[in-house]
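Single-letter residue listing:
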Amino acid sequence: MIEYLPRSKQHSELYLTQFGMEECIPGHFFGPAIRDHYLLHYILDGEGTFEVGGFSYRLRKGQWFLICPQIVTYYQADVVNPWSYCWFGFNGALAETLLKQAGLTMTRPILDFEGDHLIYQYLQLMNESSGCHKARETRLTGLLCLMLSELIEFGPVTPPEQKESRAEIYVEKVKDFIEMNYAQKITIEHIANFIGLNRSYLCSLFKQQVNTSIQDYLVRYRINKACEMMGNAELSIGDISRSVGYNDPLLFSKIFKKVKGFSPRHYRTETHAQTQADYW
């Protein structure tokens, strides 16, 4: 059983390209060859061999093996106890990140997993999705996410490839919070409470790592976002002001001029003029 799917036009971050199941005949093989997407095989029964990057893996029931895009691989069913497996082909910007969270990479392509009943369940639901007329892509993407979440939840705990200091982790949390909430009325106190650190300690730590204060970073982030919006002629200065967290357009104009050296209107006029000059 195999089903091929067209490339998703809706879910570019993660999408299923194919799925299927097969009971292999003794010695059945594929490759050496490459794929243009990620391909996860789960061994339902039997045994076989998987070769990649100069390594050969002897695999059995209850193991996954990962094929990465543009990597030459070869796999073959055992001649005495041939494997049966199911597979899931997928791709997208998030694919590599999610696989890493599950402990699967090009150099660590094998994963032990005792969950046949879950895999059968996802296969069945994917098959049943053929009855969906309008939402099949979305349903298949959701099922793929659920399956990967199981691998992440019950897979091995993998250490980060590069250890970050605690200070760097806190700084990234501050930046992420600002990125997600800059349009709201947030304060340094809000950020410190969210992260769970003393306000003064967090401010001192951030200044040491980034060489600017949290407040200055927030202000510049907002003003840079405002600059990105200036090219949209349908947005008034007031619209832009409120969209980046300043309900008072006069205060926004004052801060904008302090950061950029021009008033918002002057900046918009100069940017438009420069764009026109570049065009001609």
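Residues numbered from 1 in each chain as written. Predicted model: local features only at pLDDT ≥ 70, side-chain atom pairs only at ≥ 80, totals over all residues. Heavy atoms only, no water.

## Here we look at the overall build of the chain
Phase 1: Looking only at helices and strands, one finds 10 helices and 10 strands in the chain.
Phase 2: Out of the 280 residues in the chain, the part that is buried amounts to 41%.
Phase 3: For the chain, contacts bridging at least 24 residues in sequence account for 70% of all contacts bridging at least 6.
Phase 4: Working note: accessible area of the chain is about 16600 Å², and carbon and sulfur atoms make up 52% of it. (Helix = DSSP H or I, 4+ residues; strand = E, 2+ residues; numbered from the N terminus. Buried < 20%, exposed > 50% of the residue type's maximum accessible area, 1.4 Å probe, protein only. Contact = heavy atoms within 4.5 Å. Areas by Shrake-Rupley, 256 points an atom, 1.4 Å probe, with all protein chains shown as cover.)

## Considerations on the pattern of salt bridges
Phase 1: Under the defined criterion, the tally for this structure stands at six salt bridges.
Phase 2: Here Glu-189 and Arg-199 are joined by a salt bridge, their closest N and O atoms 3.6 Å apart. You can see Glu-189 sitting in helix 5 (residues 188-195) and its partner Arg-199 sitting in helix 6 (residues 199-210), a full 10 residues away along the chain.
Phase 3: Two residues, Asp-239 and Arg-242, come together in a salt bridge whose shortest N-O distance is 3.1 Å. Placement of the pair is Asp-239 and Arg-242 together in helix 8 (residues 237-243), with a separation of three residues, close to one helical turn.
Phase 4: By relative accessible area, Asp-239 is classed as partly exposed at 27%.
Phase 5: We classify Arg-242 as partly exposed; its relative accessible area is 42%. (Salt bridge = Lys/Arg side-chain N within 4 Å of Asp/Glu carboxyl O.)

## Description of the nonpolar core
Phase 1: Val-174, Ile-178, Ile-191, Leu-202, Ile-214 and Phe-252 are the most contacted members of the largest nonpolar core, which totals 32 residues.
Phase 2: Breaking this core down by element, the ones donating at least two residues are helix 4 (166-181), helix 5, helix 6, helix 7 (214-229), helix 8 and helix 9 (249-260).
Phase 3: If one sorts the elements of this core by residue count, helix 7 sits on top with eight residues.
Phase 4: Those residues in contact with Leu-202 that lie beyond four places of it in its chain are Val-174, Ile-191, Ala-192, Ile-195, Leu-197 and Ile-214.
Phase 5: Formed by 31 residues, the second largest nonpolar core is a distinct cluster that contains Tyr-38, Leu-143, Met-147 and Leu-148. (Core = buried A, V, L, I, M, F, W, Y, C linked by side-chain atoms within 4.5 Å.)

## What about the packing of aromatic side chains?
Phase 1: For the structure on display, the rule yields 21 aromatic pairs.
Phase 2: Measuring from centroid to centroid gives 4.9 Å for Phe-177 and Phe-194, while their planes differ by 45 degrees, and the two rings are tilted. In this pair, Phe-177 sits in helix 4 while Phe-194 sits in helix 5, placing the two residues 17 residues apart along the sequence.
Phase 3: Phe-177 gets classed as buried once you look at its relative accessible area, which sits at 11%.
Phase 4: You can call Phe-194 exposed: its relative accessible area is 57%.
Phase 5: Relative to Phe-252, the ring of Tyr-246 has its centre 6.0 Å away and its plane inclined at 40 degrees; by these criteria the two rings are tilted.
Phase 6: A residue is classified by how much of its surface remains accessible, and Tyr-246, at 7% relative accessible area, is buried.
Phase 7: When its relative accessible area of 0% is taken as the criterion, Phe-252 is described as buried.
Phase 8: Aromatic rings pair up to connect Phe-30, Phe-50, Tyr-57, Phe-65, Tyr-75, Trp-83, Tyr-85 and Trp-87 into one cluster.
Phase 9: Taking the ring centre of Phe-30 as reference, the NZ or CZ of Arg-35 above it sits at 4.2 Å.
Phase 10: Directly above the aromatic system of Tyr-246 lies the positively charged group of Arg-222, at a separation of 5.2 Å from the ring centroid. (Phe/Tyr/Trp six-rings, centres within 6.5 Å; stacked < 30°, edge-to-face > 60°. Lys NZ or Arg CZ within 6 Å of the ring centre and 35° of its normal.)

## Considering the packing of helix 7 against helix 9
Phase 1: As a packed pair, helix 7 and helix 9 sit with axes 10 Å apart at the nearest point and diverge in direction by 95 degrees. With respect to their mutual orientation, helix 7 and helix 9 come out roughly perpendicular. Facing Val-219, Arg-220, Ile-223, Asn-224, Ala-226 and Cys-227 of helix 7, the residues of helix 9 in contact are Phe-252, Ile-255, Phe-256, Val-259 and Lys-260.
Phase 2: Residues that form the contact of helix 7 with helix 9 fall into these classes: eight nonpolar, one polar and two charged. (Axes fitted to C-alpha atoms, helices over the stretch in contact; angles between N-to-C directions. Parallel < 35°, antiparallel > 145°, perpendicular 65-115°, else oblique. Nonpolar A, V, L, I, M, F, W, Y, C, P; charged D, E, K, R; others polar.)

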